[in-house]
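What follows is each chain in one-letter form.
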Amino acid sequence: MLASSLVAALHFIAAFGIAATLFLEWLSFSRTPTFAEAKRIALADRWYGIFAGLLLVVGFVRAAHFEKGWSFYAHSPFFHLKLTLFVLVGLLSIYPTVRFIRWAPALKAGRAPEVTEREHRLISRLLTAQMALLVLIVVSASLMAHGVGL
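Residues numbered from 1 in each chain as written. Predicted model: local features only at pLDDT ≥ 70, side-chain atom pairs only at ≥ 80, totals over all residues. Heavy atoms only, no water.

A.B. asks: Looking at this structure, how should I read the overall build of the chain?
C.D. replies: From N to C terminus, the chain includes 6 helices and 0 strands. Reading the chain from its N end, one meets helices and strands in the order α-α-α-α-α-α. Here the C-alpha coordinates of the chain stretch approximately 50 × 30 × 20 Å along the principal axes. Per-residue burial over the chain gives 35% buried out of 150 residues. (Helix = DSSP H or I, 4+ residues; strand = E, 2+ residues; numbered from the N terminus. Buried < 20%, exposed > 50% of the residue type's maximum accessible area, 1.4 Å probe, protein only.)

Given below as structure tokens:
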């Protein structure tokens with residue numbers, strides 16, 4: 001029971017970490033980020049990736065070895081929806097992450113990065129879409145946990 005509780009806690013920490021870091025990116029991203037804002041966004045994005053990897057690994061360990069067991073989750077349409085949405089969020093995060101990584105030379109030189117109007121509009125939309133999909137993931141997780149659709 002202790003192992004199950006610790007794995008569940010890690011799963012929740014990773015999920016809340018994703019929500020917090022994505023929200024920080026979404027809230028901080030602007031057309032003209034300051035040096036401090038850009039450093040914060042780049043760091044948050046790194047943690048976002050770490051939390052996403054942790055969530056994926058711990059989530060599969062949790063589904064396979066704890067809770068209701070793999071057969072329950074394998075047959076749940078909302079488990080599949082949740083994973084699909086998670087992958088979609090990951091795909092939507094690629095472009096912003098690549099752009100934030102490309103800020104490194106400017107940040108190392110102590111300068112704020114330059115963000116074009118087009119880039120700002122696209123990244124803002126991608127961050128907003130990820131936020132919306134996180135809400136759908138939470139709804140899917142709840143429906144999955146309660147056995148809806150089985």
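A.B. asks: For this particular structure, what's the right way to read unusual backbone geometry?
C.D. replies: Trans is the prevailing form of peptide bonds, just as negative phi is the prevailing case for residues other than glycine. Positive phi outside glycine occurs at glutamate 67, with the angle close to 55 degrees. Checked against the element boundaries, glutamate 67 lands in the loop between helix 2 (35-65) and helix 3 (70-74).

A.B. asks: Honestly, the layout of surface pockets in this entry has me stumped. Any pointers?
C.D. replies: Gaps left between atoms are located by rolling a probe of water-molecule size over the structure's atoms. Taken as a whole, the largest pocket spans an internal volume of roughly 790 Å³. The wall of the largest pocket is formed by 28 residues, among which His11, Ala15, Lys82, Ile137 and Ala141 lie closest to the centre. Of all the elements in the fold, those that place two or more residues in the lining of the largest pocket are helix 1 (2-28), helix 2, helix 4 (77-102) and helix 6 (117-145). Ranked by the residues each element gives to the lining of the largest pocket, the list is headed by helix 6, at 9 residues. For the lining of the largest pocket, a count of residues per class yields 21 nonpolar, 3 polar and 4 charged. Within this model, the second largest pocket holds a volume of roughly 200 Å³. (1 Å grid on protein atoms, 1.4 Å probe; cavity = no way out; pocket = protein on both sides within 12 Å on 5 of 7 lines; lining within 4 Å. Points joined across faces, edges and corners; volume = space filled by probe spheres on them. Nonpolar A, V, L, I, M, F, W, Y, C, P; charged D, E, K, R; others polar.)

A.B. asks: So what exactly am I meant to see when it comes to the packing of helix 2 against helix 4 here?
C.D. replies: Each packed pair of helices is defined by two parameters, the angle between the axes and the distance between the axes. In the contact formed by helix 2 and helix 4, the axes pass within 11 Å of each other and the chain directions differ by 155 degrees. Looking at the two axes, helix 2 sits roughly antiparallel to helix 4. The handedness of the crossing between helix 2 and helix 4 is left-handed. Taken together, the residues of helix 4 that come into contact with helix 2 (itself represented by Ile41, Asp45, Tyr48, Ala52, Leu55, Leu56 and Phe60) are Phe79, Leu83, Phe86, Val89, Ser93, Thr97 and Phe100. (Axes fitted to C-alpha atoms, helices over the stretch in contact; angles between N-to-C directions. Parallel < 35°, antiparallel > 145°, perpendicular 65-115°, else oblique. Left-handed = near helix turned anticlockwise from the far one by under 90°. Contact = heavy atoms within 4.5 Å.)

A.B. asks: Can you walk me through the packing of helix 4 against helix 6 in this structure?
C.D. replies: Relative orientation of the contacting elements helix 4 and helix 6 amounts to 160 degrees, with a least axis distance of 9 Å. On the basis of their axis angle, the class for helix 4 and helix 6 is roughly antiparallel. Here helix 4 runs over helix 6; the crossing is left-handed. Counted by class, the contact of helix 4 with helix 6 contains 21 nonpolar, 3 polar and 3 charged residues.

A.B. asks: How do you make sense of helix 4 when you look at a structure like this?
C.D. replies: Each full turn of the α-helix corresponds to 3.6 residues, which orients residues three or four apart in the same direction. For helix 4, spanning 26 residues, the distance from its first C-alpha to its last is 38 Å, which sits close to the expected 38 Å at 1.5 Å a residue. The largest bend in helix 4 amounts to roughly 35 degrees and is located at isoleucine 94, with the proline proline 96 lying one to four residues further along. Here helix 4 has its buried residues at Phe79, Lys82, Leu85, Phe86, Val89, Ser93, Pro96, Arg99 and Phe100. (Expected span 1.5 Å × (residues − 1). Bend = angle between axes of the 7 residues up to and from the residue.)

A.B. asks: Can you walk me through helix 1 in this structure?
C.D. replies: Across its 27 residues, helix 1 extends 38 Å between first and last C-alpha, which sits within 8% of the 39 Å expected from 1.5 Å per residue. When helix 1 is considered as a whole, its buried residues turn out to be Val7, Ala8, His11, Ala14, Gly17, Ile18, Thr21, Leu22, Glu25 and Ser28. The elements touched by buried residues of helix 1 are helix 2, helix 4 and helix 6.

A.B. asks: Which parts of the structure should I look at to understand the nonpolar core?
C.D. replies: Across soluble globular proteins, nonpolar side chains have a tendency to be buried as a group. By size, the foremost hydrophobic cluster in this structure holds 22 residues, and its most contacted members are Ile18, Phe29, Phe100, Trp103 and Ile137. Only helix 1, helix 2, helix 4 and helix 6 provide two or more residues apiece to this core. Among the elements that make up this core, the one with the highest residue count is helix 2 (6 residues). Setting aside its immediate chain neighbours within four residues, isoleucine 18 contacts Tyr48, Phe51, Ala52, Leu55, Phe86 and Leu134. Grouped together as the second largest cluster of nonpolar side chains are 5 residues, Ala63, Phe72, Tyr73 and Phe79 included. (Core = buried A, V, L, I, M, F, W, Y, C linked by side-chain atoms within 4.5 Å.)

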